[in-house]
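Listed here are the chains, written in short residue letters.
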Amino acid sequence: MITKFQLILTFCLCFLFLSITMSFAVEMFKISEYGNGKQIWFEAEHFDERDPNKVYKLGKEEGAKVPTDGAYGDIVTNIGGNGWLRYNFDISHAGGEAGDWRFIGRVKNPNNHSDWLWVLGADGDEIPKEKPGHFLKDVDIIFEENTPAWDWVRTGIFGADGGTVNELQDGENVMIIYYRQSSNLVEYDVFLWSSDLEYEPTDEDYENAKVATLPVNPKGLLTTTWGNLKNR
């Protein structure tokens with residue numbers, strides 16, 4: 001026979017579990033249909049996971065760098081050395097389908113300190129546990145551009161695509177930014193993926209994009225989505 005104490009304990013445990021689940025369940029992102037395609041936008045600080053040493057840090061929240069005026073919320077910068085950032089995103093929430101998409105970033109990067117971009121499926125069928133050793137060509141480079149003020153950078157290496165165009169999968173995708181040259185001179189503000197490879201975003205486009213929510217991106221925590229993707 002269930003006692004009153006057992007009922008109360010069960011209720012408390014259920015409430016605690018629900019609270020934990022809800023606390024880490026939702027982050028903000030935006031969707032749009034500009035140009036001839038779909039877009040999904042998310043701010044750089046909303047990463048799902050980063051390297052254990054936290055080489056990439058939040059500018060304002062973690063005291064790594066005061067964001068340059070005009071940033072949307074906080075920024076991410078590299079305090080020096082090898083590290084990485086992982087983002088889960090679901091293109092189906094933007095009405096997108098598998099195919100070639102372009103990665104674009106709103107960044108400030110005065111000395112073209114670039115990084116590597118790895119994408120699940122396009123660069124490998126399993127999420128690497130360590131920094132992949134295949135970064136030998138320009139094809140994986142992002143943000144190798146002189147960007148002294150906030151700008152939407154759509155190319156990877158001095159006007160060429162570099163690592164920006166990748167084949168995304170239906171539904172959930174994973175991207176990882178790995179250190180190459182980035183430093184605390186670099187500020188990452190907003191990232192987006194566009195199925196229109198020629199689309200050129202503006203600040204106004206981002207501001208007018210539709211706000212949506214997705215149950216991913218709990219900072220520093222692994223999710224069911226992460227587990228499912230890892231086993232693909």
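Residues numbered from 1 in each chain as written. Predicted model: local features only at pLDDT ≥ 70, side-chain atom pairs only at ≥ 80, totals over all residues. Heavy atoms only, no water.

1. So, the overall build of the protein chain
Along its length, the protein chain carries three helices and 14 strands. Pairs at least 24 apart in sequence give 79% of the contacts found in the protein chain among residues at least 6 apart. (Helix = DSSP H or I, 4+ residues; strand = E, 2+ residues; numbered from the N terminus. Contact = heavy atoms within 4.5 Å.)

2. Re the nonpolar core
Grouped together as the largest cluster of nonpolar side chains are 31 residues, with contacts concentrated most on Y87, M175, I177, Y188, F191 and W193. Non-local contacts of F191, meaning those with residues more than four positions away in its chain, are made with I40, W41, F42, A44, Y87, F103, I104, G105, F143 and I177. (Core = buried A, V, L, I, M, F, W, Y, C linked by side-chain atoms within 4.5 Å. Buried < 20%, exposed > 50% of the residue type's maximum accessible area, 1.4 Å probe, protein only.)

3. Some remarks on the pairing of strand β8 (residues 115-119)
Of all five residues making up β8, five are buried, and the element is well covered by its neighbours. Here β8 shows a buried face lined by D115, L117 and V119 and a second buried face lined by W116 and W118. Relative to strand β9 (residues 141-142), β8 is paired through two bridges, and the arrangement is antiparallel. Across the sheet, the residue bridging to W116 is I141, located in β9. Two strands pair when backbone bridges link them, and β8 and strand β12 (residues 172-179) are joined in this way by five bridges, in the antiparallel orientation. From the neighbouring strand, W118 faces β12, where its bridge partner is I176. (Pairing = 2+ DSSP bridges.)

4. Side note on the pattern of salt bridges
For the coordinates displayed, the defined rule picks out seven salt bridges. In this structure, R86 and E49 form a salt bridge, with 3.2 Å as the shortest nitrogen-oxygen distance. Of this pair, R86 sits in strand β6 (residues 84-90) while E49 sits in strand β3 (residues 49-50); the two residues are 37 residues apart in sequence, bridging distant segments of the chain. Residue classification places R86 among the buried residues on the basis of a relative accessible area of 1%. The exposure class assigned to E49 is partly exposed, which follows from its relative accessible area of 21%. For R180, the salt bridge identified is with E144, shortest N-O distance 3.4 Å. Taken together, the residues span a long stretch of sequence, with R180 in the loop between β12 and β13 (187-194) and E144 in the loop between β9 and β10 (147-153) at a distance of 36 residues. Look at E144 and you get buried, because its relative accessible area is 8%. (Salt bridge = Lys/Arg side-chain N within 4 Å of Asp/Glu carboxyl O.)

5. What about the confidence of the model for the protein chain?
The predicted model of the protein chain has a mean per-residue pLDDT of 84, with 79% of residues at 70 or higher. Of the regions scoring below 50 in pLDDT, residues 5-26 engages in eleven contacts with residues more than four places distant in sequence or in other chains. When the criterion is pLDDT under 50, residues 216-232 qualifies, and its contacts beyond four places in sequence or with other chains add up to 45 contacts. (pLDDT = per-residue confidence, 0-100.)

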